[in-house]
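Coordinate analysis (summary)
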Amino acid sequence: MNVLATLRPPGDAWEELGDIEVGQLAPRDDVEILIVANEPVDLDWFPALRLIANFSVGYDRIDIEACRRRGVAVSNTPGVLDAAVADLTMGLLLAVRRRIVEGDAAVRRGRWEQGWSESPFLGREIGGSVLGIVGYGRIGKAVARRAAGFDLEVIYTRETPLEELLARADIVSVHTPLNAETTGLISRERLALLRDGSTLINTARGAVVDEDALVDELESGRISAGLDVFVHEPHVPERLYGLPSVVLTPHIASATHETRAAMTRIVVDNVLAFERGEPLVTPVA
Ligand code: 8YV
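So, here's what we can say about the structure. (Residues numbered from 1 in each chain as written. Predicted model: local features only at pLDDT ≥ 70, side-chain atom pairs only at ≥ 80, totals over all residues. Heavy atoms only, no water.)

1. Re the sheet that holds strand E5 (residues 73-75)
Overall, parallel pairing links the 5 strands, which are arranged E2-E1-E3-E4-E5 in an open sheet. Strand pairing shows two members of the sheet lacking a second neighbour, strand E2 (21-22) and E5, which therefore form its edges. Bridge count between strand E1 (residues 3-5) and strand E3 (residues 33-36): 3 bridges; the pairing is parallel. Bridging from a neighbouring strand, Ala 5 pairs with Ile 35 of E3. Along the sheet, helix H8 (residues 257-275) contacts E1, E3, strand E4 (51-54) and E5; its crossing angle with E4, the most-contacted strand, is approximately 160 degrees. (Pairing = 2+ DSSP bridges. Helix = DSSP H or I, 4+ residues; strand = E, 2+ residues; numbered from the N terminus. Contact = heavy atoms within 4.5 Å. Axes fitted to C-alpha atoms, helices over the stretch in contact; angles between N-to-C directions.)

Have a look at this one:
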């Protein structure tokens, strides 16, 4: 079948697809399979399309209902990136609460003040803090397992109502998919429930949080944050750049050699299964 990919993902499995065309999305009447990384696809551009194989577990930018109506199958890459995302979550949590990035910047600027008692880099103890996990799926549970090793007390939505979780936690970490129910879930009103000095970590999707309201809260200095995702990536609200209480990463939660190769394996398995007329390995639609 005619395949167009918007990226050449890492990993050996890719070779099994043969000579795949890699290029940008543009109107094409010959393409039957698209391999994308959660980019929006204009279905009118691809009248022959039968499968979208998504190199991503999240498929929030793909119109699943429109695909269903047109008989276009969709697959994603669940399961293989839980550990990598949970690891980055813990990295951001530690970096913000222990001011690691601020410390690094100070050392590089030659501003290492002598004398521990005057050190401005007092952070917050990790053990004994309360971690509130919003979205207790595979990734949320992987975070909870790691948090136990750091002696964090873990609470999570379902077991604890969202408002109560936000008001109780020292650290809130977001792990929901982005969909109609979760868009703006952490609203301005709900952000206001966060305790003074608490930290928000987001490795899920920027739009789960009201970004303007979050920036306001961060600018006020009331809370801190570790953010891997933003509403209009790669745009990052400029007001965040000058805030030392915020650690920013460029959507790298799944970005390890091993995880990305495992994601490629799943994409390839879905494409090969589809070409053989077999059920998709990880169907979304
Ligand atoms: C990807 C992700 O980096 O899987 C997801 O949902 O957000 C990340 O793994 C991104 O989608 C590009 O493939």
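The rest of the description comes next.
2. A short note on the environment of Leu 94
Here Leu 94 lies in helix H2 (residues 82-97). When its relative accessible area of 22% is taken as the criterion, Leu 94 is described as partly exposed. The sequence separation of Leu 94 and Asp 151 amounts to 57 residues, and the corresponding C-alpha distance is 13 Å. With residues near it in sequence (within four places) discarded, Leu 94 still touches Arg 99, Ile 100, Ile 126 and Phe 150. (Buried < 20%, exposed > 50% of the residue type's maximum accessible area, 1.4 Å probe, protein only.)

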